[in-house]
Amino acid sequence: MENSVSRILIETTVRQTLKGIQEDPERSIRNLVDMALQFSEGRFQNRFFETAHTLLENEKSAYYGLIYDAVSHIETEHIVRLGMNIGYNSCTWGARRIRSNEKQLGFNIPWAVFLQMEDASSDWDLSRYHWVIQQGEALGIYSWMIFAPHDPLAILPFAAAHPDSAFFLFCEPQAVTPDFAAQFLSVYNVMPVIHLDKNTQASCSLLRNARIPYSVSCLYSAENIKAITNGELFDAVQNLHPLFTVLIPRSDCQHDTQRAAYQAAIDARNRQQFQTIPWELYGDTQSLDAIISDNSCCALFDKDGNLHIPGSPETDVWCCNLFEDGLAGIFSKAYPKALPSRK
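Throughout what follows, the structure given in this document is the object of discussion. (Residues numbered from 1 in each chain as written. Predicted model: local features only at pLDDT ≥ 70, side-chain atom pairs only at ≥ 80, totals over all residues. Heavy atoms only, no water.)

**Focus on the overall build of the chain**
Next up, step 1: A tally of helices and strands in the chain yields 14 helices and nine strands.
Next up, step 2: Across the 343 residues in the chain, those meeting the buried criterion constitute 51%.
Next up, step 3: Taking contacts inside the chain between residues at least 6 apart in sequence as the whole, the part at least 24 apart equals 67%.
Next up, step 4: Of the roughly 16,000 Å² of accessible surface on the chain, a fraction of 51% belongs to carbon and sulfur atoms. (Helix = DSSP H or I, 4+ residues; strand = E, 2+ residues; numbered from the N terminus. Buried < 20%, exposed > 50% of the residue type's maximum accessible area, 1.4 Å probe, protein only. Contact = heavy atoms within 4.5 Å. Areas by Shrake-Rupley, 256 points an atom, 1.4 Å probe, with all protein chains shown as cover.)

**Topic: the nonpolar core**
Next up, step 1: Core analysis: the biggest nonpolar cluster contains 87 residues, and Leu-115, Trp-144, Ile-146, Phe-170, Phe-301, Leu-322 and Phe-331 have the highest contact counts within it.
Next up, step 2: Val-80, Met-84, Tyr-88 and Trp-93 belong to the second largest nonpolar core, which has five residues in total. (Core = buried A, V, L, I, M, F, W, Y, C linked by side-chain atoms within 4.5 Å.)

**So, the side chain of Asn-89**
Next up, step 1: Along the chain, Asn-89 turns up in helix H5 (residues 76-105).
Next up, step 2: By relative accessible area, which is 0% here, Asn-89 ends up buried.
Next up, step 3: Within the structure, Asn-89 has its side chain in polar contact with the backbone oxygen of Asp-164 (distance 2.8 Å). (Polar contact = N/O pair within 3.5 Å; in protein donor to acceptor, adjacent residues only side chain to side chain.)

**A few points about the packing of aromatic side chains**
Next up, step 1: Counted under the stated rule, the structure contains 10 aromatic pairs.
Next up, step 2: Ring plane angle 50 degrees and centroid distance 5.8 Å describe the contact between Phe-234 and Phe-274, whose orientation is recorded as tilted. With Phe-234 in helix H11 (residues 232-237) and Phe-274 in the loop between helix H12 (255-271) and strand E7 (277-280), the pair connects residues that are 40 residues apart, well separated along the chain. Comparing Phe-234 with Phe-274, the two get one shared label, buried.
Next up, step 3: Here a set of aromatic residues connected by ring pairs shows up, and it is made of Phe-114, Phe-147, Phe-170 and Tyr-282.
Next up, step 4: The residue whose ring lies beneath Arg-128 is Phe-323, and the NZ or CZ to ring-centre distance is 4.0 Å. (Phe/Tyr/Trp six-rings, centres within 6.5 Å; stacked < 30°, edge-to-face > 60°. Lys NZ or Arg CZ within 6 Å of the ring centre and 35° of its normal.)

**Some words on the pattern of salt bridges**
Next up, step 1: Taken as a whole and judged by the stated rule, the model has eight salt bridges.
Next up, step 2: Lys-333 is the partner of Asp-325 in a salt bridge, and the nearest nitrogen-oxygen pair spans 3.8 Å.
Next up, step 3: For Asp-325, a relative accessible area of 32% corresponds to the partly exposed category. (Salt bridge = Lys/Arg side-chain N within 4 Å of Asp/Glu carboxyl O.)

**Brief notes about the packing of helix H6 (residues 127-139) against helix H14 (residues 322-334)**
Next up, step 1: As a packed pair, H6 and H14 sit with axes 10 Å apart at the nearest point and diverge in direction by 10 degrees. Taken together, H6 and H14 sit at an angle that is classed as roughly parallel. Here Arg-128, Tyr-129, Trp-131, Val-132, Gln-135, Gly-136 and Leu-139 of H6 lie close against H14, whose contacting residues are Leu-322, Phe-323, Gly-326, Leu-327, Ala-328 and Phe-331.
Next up, step 2: Split by residue class, the contact of H6 with H14 holds nine nonpolar, three polar and one charged. (Axes fitted to C-alpha atoms, helices over the stretch in contact; angles between N-to-C directions. Parallel < 35°, antiparallel > 145°, perpendicular 65-115°, else oblique. Nonpolar A, V, L, I, M, F, W, Y, C, P; charged D, E, K, R; others polar.)

**Overview of the packing of H5 against H6**
Two packed helices can be described by the angle between their axes and the distance between those axes.
Next up, step 1: Where H5 contacts H6, the axes come no closer than 8 Å and their chain directions differ by 90 degrees. Between H5 and H6, the angle falls in the class roughly perpendicular. Of the residues in H6, those touching H5 at Arg-97, Ile-98, Asn-101 and Leu-105 are Glu-137, Ala-138 and Leu-139.
Next up, step 2: Along the lines of polarity and charge, the residues of the contact of H5 with H6 split into four nonpolar, one polar and two charged.

**Remarks on the pairing of strand E4 (residues 190-195)**
Next up, step 1: When you tally the buried positions in E4, you get six out of six residues, the bulk of the element.
Next up, step 2: Alternating positions in E4 separate into two faces, Val-190, Pro-192 and Ile-194 on one and Met-191, Val-193 and His-195 on the other, with burial throughout.
Next up, step 3: In this structure, strand E3 (residues 166-171) lies alongside E4, joined through five bridges in parallel fashion. Bridging across to E4, Phe-168 finds its partner in Met-191.
Next up, step 4: As a crossover connection, the stretch from E3 through helix H8 (residues 178-184) into E4 is right-handed.
Next up, step 5: Remark: the E4/helix H9 (residues 200-209)/strand E5 (residues 215-220) crossover connection has right-handed handedness. (Pairing = 2+ DSSP bridges. Right-handed = clockwise from strand over helix to strand, strands pointing away.)

**Quick notes on the pairing of E5**
In summary, the side chains of a regular strand alternate between the two faces of the sheet.
Next up, step 1: Most of E5 is tucked away: five of the six residues are buried.
Next up, step 2: Here E4 pairs with E5 via three bridges, running parallel. When the sheet's bridge partners are listed, Val-193 is paired in E5 with Ser-215.
Next up, step 3: Bridging between E5 and strand E6 (residues 244-249) involves five bridges; their strand directions are parallel. Residue pairing in the sheet places Val-216 in a bridge with Thr-245 of E6.

Structure, rendered in C-alpha cells:
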C-alpha cells in the first residue's frame, strides 16, 4: 500500500475528528462528512458521503449516538486502523485498482472475498492463505470475511501479517475468552463478528470492556424473518452495542426471504432509529460491489478452496480451486466481462 499524501492527510483528519467528537459529536461528525464530500473522488465516495450527509441532517438520527458510543468505548487505534483499511485501502485505493485491473484483465473482481476457515487447528498450515491475500491485494481486494467459528485465535497472527487489509472474523460467542480479547489488543485490522445466541451478551461485554470493536451476526430464514422486517431484531440487538448487525441467510433460505431481509436492512438504515447498522451479508456486499465497478460479483470459498457464488441457484459451477488456480485464474473463469450465453 502506497504511503500517499492523501492517505496521511485523511488519517490525520480522522484522528483530529475523533478527539472533537468527545466534546461536540454532532458538529464534528457533520464537519468530517462535509469535508469528505468536498474532496471525494469517484462515484463510490461521492455516493457514500452524499448518503451520509443526507442521513446526518436528521438531528435525531440514532447514528449520532452510535458514533459517539463507538468513540467512547473503542480504542482509538482500532478505529483509525480498521477505518482506514476499509474506507481508504478497500473502498478508495483498492476500488481504483479493481477498476483498472478489470479493464486490463477482462474479468470482474469482487471488492470483498468470503473465506471459510472453520477447521483451523494448532498445526494448521496458513501459508496457502497468505498467498491468497497477496494475490487479492494485488488485484485491489482489501476486505476479507473470515468464517472461523471455533478457533478464531489461529487467524489473528495471519491477519496481523497483512496490515493493509481489513478482516471481519465471524465466530461463536464461546470462542470469545479473556485470552481472545487480550490478543486482539495489538491486532488493529480485525473486527470480530459474534454469532447471536444466549451467550452473545457476555462475549460482547468482554469485548466492550476491552475497548475492541465488534459486530453481531444473526442467521435467518422464513422462521424468523418477521423479527427482521418489523425491526424487533435490531431493537433488541442494539442493546449489545455492536457496530453492525449482520444478517446471514441459512443454507436453505429461499430467495424471496433473502430479498425481504435485504430490503429490511435498507429500510432500517434509512429510518436511522437503531444504534447499530443493519447489513444483509450478501445483498449489501453485492450492492456495494456494483457501485465500485460496473458488474457486481460475490465469491465465497469453502474450507477446501471450492468456489460458491452466493445467490446463485447452482453451487460449485466452476471447475477451479482456490489453492490450485489462484484468484485471478478463478475470476477469469467465473466472472468474465462478457459472460457466455447458456442454453
